[in-house]
Amino acid sequence: MTYTFPHDFMWGTATASYQVEGALHEDGRTPCIWDTFCTLPGAVADGSSGQSACDQYHRYPEDIALMRELGVKAYRLSIAWPRIMPDAGGAINQLGIDHYRRELDALREAGIMPVVTVYHWDLPQYLEDHGGWASRDTALRLADYADVLARELGDRVGIWTTLNEPWCCAYLGYGNGEHAPGVRDYGKALAAVHHLNLAHGLGAQAIRARLGDDANISSVLNLSVNVAETDSEADRAAKRRADLIANEVFLGPMFEGRYDPEIFQATKPYTDWSFVHDGDEERIHQPVQSLGVNFYSTTHVRHRGPEAAGAAAGASRLRRNPMPAQDIVEVLPPAGELTAMGWNQEPRGLTTLLTELSERFPGLDLIVSENGSAWDDEVTLDPNAPGGKIVHDPKRVAYLDAHVRAVVDALQSGAKVKGYFAWSLLDNFEWALGYSKRFGIIRVDYDTQERIWKDSALRFRQIVADNAI
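Residues numbered from 1 in each chain as written. Predicted model: local features only at pLDDT ≥ 70, side-chain atom pairs only at ≥ 80, totals over all residues. Heavy atoms only, no water.

(A) Just the overall build of the chain, in detail. Scanning the chain from terminus to terminus reveals 16 helices and 15 strands. Here the chain has a C-alpha radius of gyration of 21 Å; the compact-globule value for 469 residues is 23 Å, and the two agree. For the chain, the C-alpha atoms occupy an extent of roughly 60 × 55 × 45 Å along the three principal directions. Within the span of the chain, comprising 469 residues, buried residues form 59% of the whole. For the chain, contacts bridging at least 24 residues in sequence account for 79% of all contacts bridging at least 6. Accessible area for the chain stands at about 18000 Å²; split by element, carbon and sulfur atoms hold 49% of it. (Helix = DSSP H or I, 4+ residues; strand = E, 2+ residues; numbered from the N terminus. Rg over C-alpha atoms; globule rule 2.2 N^0.38 Å. Buried < 20%, exposed > 50% of the residue type's maximum accessible area, 1.4 Å probe, protein only. Contact = heavy atoms within 4.5 Å. Areas by Shrake-Rupley, 256 points an atom, 1.4 Å probe, with all protein chains shown as cover.)

The structure is reproduced here in structure tokens:
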């Protein structure tokens, strides 16, 4: 049975500056924490960096042409903070501003709405040198940065997204050190959680102060869909703990103006939360037009007893849990056919997430701001394909179809879902995994920078054209 989406449903694709731009040393850009992290031995799986990436800094007209062929009406991109404010003194780099003006203008001329992420992980290294997200000052500096972007680019942007996935920034960056800046300190990770929340609130205030109350502001969270293995009280308690530290630390202050007191109790061994100042929760709780939801897989959990907890503590020397206070939580191995990332495929988790969010926050618009899958692709010569080459990726096509249908299920259950963005437009630098994993619906030959269509791109184009599945 065919489902037709609302006429104003937003179809788009997404990327992030460090993952696609390259040109790290051009036009006044200075180092970010990922430039530094990539120099650490063993930090990135293939020893690579974003030095060249997809060269979108120079090739954005070609990529915008691809988006026009796909038929999407929105593009989610991020602005590289070190291109705009390259030095600690706060001076504005006009070359950086001019670059993004040209790119945003080109998108609008192509009929594609820019959805701009203010912060997608490329923190200037000079801010990390003074404490990074563990420092309150970084939140204040993001507000300054957001004000500059709103002033210089505000008339070109359709939706402003303050942050992308603060979970990753805080827990992978400061909890287990698997991402930049590579810190392993749960106390600093929780401070980072709060300062990222504060940055969201202050950034939203700065954008609105510059552009007015009609400014379209959002944030993007990668909320964990934790599934209790059984309905036992113990397994439900494990799910509750995982939900608290993964999700409620962001949802509570952003959308309810409060941290759940249970969070403070669970994390007492790591911090006293004295970095939360009077009025912070109100500063964080700003009006937003939508919440971006990034979804890839689910996590199945059960209660972990004392013996298993002791064994896990020993194993953590090898693979430290990114989140603190998970002593009662056992994460089960993913089941079923796994993607190249080792992630499960459970589309109903997306339906559940969207439906539960709409029930909890009925006035909030939801956008699936990232959804996609990595597979081991191969290029096939095909004279009938664009450029004479194609990637047949039936598993990515199946994943796409299943998750778009999961959005349909959520819509039919009453969820206020307003858009879907495929991750990613292009194969790109996949953070600590380098170029070893490919999420793109368009393949990138990193040696030549050739763009090669995949069947998933053709399938997405059809869904967009039909506005139906």
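Structure's up, so let's keep going.
(B) Local environment of the sheet that holds strand E9 (residues 329-331). The three strands are arranged E6-E8-E9 in an open sheet whose pairing can be described as mixed. The open sheet terminates on both sides in strands that have one partner only, identified here as strand E6 (226-228) and E9. Strand-to-strand twist in this sheet, taken as the mean axis angle between neighbours without regard to direction, amounts to 40°. Here three bridges tie E6 to strand E8 (residues 299-303), and the two strands are oriented parallel to one another. Note that in E8 the partner of Asn226 across the bridge is Thr299. (Pairing = 2+ DSSP bridges. Axes fitted to C-alpha atoms, helices over the stretch in contact; angles between N-to-C directions.)

(C) Seen up close, the packing of aromatic side chains. Under the counting rule described, the total for this entry stands at 29 aromatic pairs. Ring centres of Phe5 and Trp11 lie 4.9 Å apart, and the angle between their planes is 80°; on these two criteria the pair is classed as edge-to-face. Summarising the burial analysis for this pair, Phe5 and Trp11 share the class buried. Ring plane angle 5° and centroid distance 4.6 Å describe the contact between Trp81 and Tyr145, whose orientation is recorded as stacked. Taken as a pair, Trp81 in helix H4 (residues 81-84) and Tyr145 in helix H7 (residues 136-153) lie far apart in primary sequence, 64 residues in all. Looking at Trp81, the relative accessible area reads 1%, which means it is buried. (Phe/Tyr/Trp six-rings, centres within 6.5 Å; stacked < 30°, edge-to-face > 60°.)

(D) Focus on the packing of helix H15 (residues 394-412) against helix H16 (residues 455-466). Two elements in contact, H15 and H16, have axes separated by 8 Å at closest approach and are oriented at 30°. Regarding the angle of H15 to H16, the classification is roughly parallel. Read as a crossing pair, H15 and H16 show a hand that is right-handed. Along the contact surface, H15 presents Arg396, Val397, Leu400, Asp401 and Val404, while H16 presents Asp455, Ser456, Arg459, Phe460 and Ile463. Grouping the amino acids of the contact of H15 with H16 by side-chain chemistry returns five nonpolar, one polar and four charged. (Parallel < 35°, antiparallel > 145°, perpendicular 65-115°, else oblique. Left-handed = near helix turned anticlockwise from the far one by under 90°. Nonpolar A, V, L, I, M, F, W, Y, C, P; charged D, E, K, R; others polar.)

(E) Highlighting the pattern of salt bridges. Applying the stated rule across the entire model yields 34 salt bridges. Salt-bridge contacts for Lys395 lead to Glu337; the nearest nitrogen and oxygen are separated by 2.7 Å. In this pair, Lys395 sits in helix H15 while Glu337 sits in the loop between E9 and helix H14 (348-360), placing the two residues 58 residues apart along the sequence. Put simply, Arg459 and Asp401 hold a salt bridge, and the shortest N to O gap is 2.8 Å. Of this pair, Arg459 sits in helix H16 while Asp401 sits in helix H15, and the two are 58 residues apart along the sequence. (Salt bridge = Lys/Arg side-chain N within 4 Å of Asp/Glu carboxyl O.)

(F) Layout of the pairing of strand E5 (residues 217-221). Taking burial as the measure, the five residues of E5 include five buried ones, the bulk of the element. Of the two faces of E5, the one lined by Ile217, Ser219 and Leu221 and the one lined by Ser218 and Val220 are each fully buried. The pairing of strand E4 (residues 159-164) with E5 spans three bridges and is classified as parallel. Looking across to E5, one finds that Asn164 is bridged to Val220. The pairing of E5 with strand E7 (residues 290-294) spans four bridges and is classified as parallel. Residue Ser218 lies in a different strand from E7, and its bridge partner there is Ser290.

(G) Highlighting the packing of helix H3 (residues 56-70) against helix H5 (residues 94-109). Relative orientation of the contacting elements H3 and H5 amounts to 10°, with a least axis distance of 10 Å. One element, H3, and the other, H5, form an angle in the roughly parallel class. Residues Gln56, Tyr57, Tyr60, Ile64 and Met67 of H3 pack against His99, Arg102, Glu103, Ala106 and Leu107 of H5.

(H) Structural detail: the nonpolar core. Trp34 and Tyr119 are the most contacted members of the largest nonpolar core, which totals 135 residues. Other than its neighbours up to four places away in sequence, Trp34 contacts Tyr18, Trp121, His179, Ala180, Phe429, Trp431 and Ala432. (Core = buried A, V, L, I, M, F, W, Y, C linked by side-chain atoms within 4.5 Å.)

(I) The arrangement of the sheet that holds E7 in detail. Spatially, the eight strands close up into a barrel ordered E1-E2-E3-E4-E5-E7-E10-E13, and their pairing is parallel. For this sheet, the mean inter-axis angle between neighbouring strands, taken without regard to orientation, is 25°. Bridging between strand E1 (residues 10-14) and strand E2 (residues 74-78) involves three bridges; their strand directions are parallel. From the neighbouring strand, Thr13 faces E2, where its bridge partner is Tyr75. The strands touched by H5 are E2 and strand E3 (113-119); relative to E2, the strand with the most contacts, the crossing angle is about 170°. Across the sheet, helix H8 (residues 166-174) lies against E3, E4 and E5, angled at about 20° from E4, the strand it touches most.

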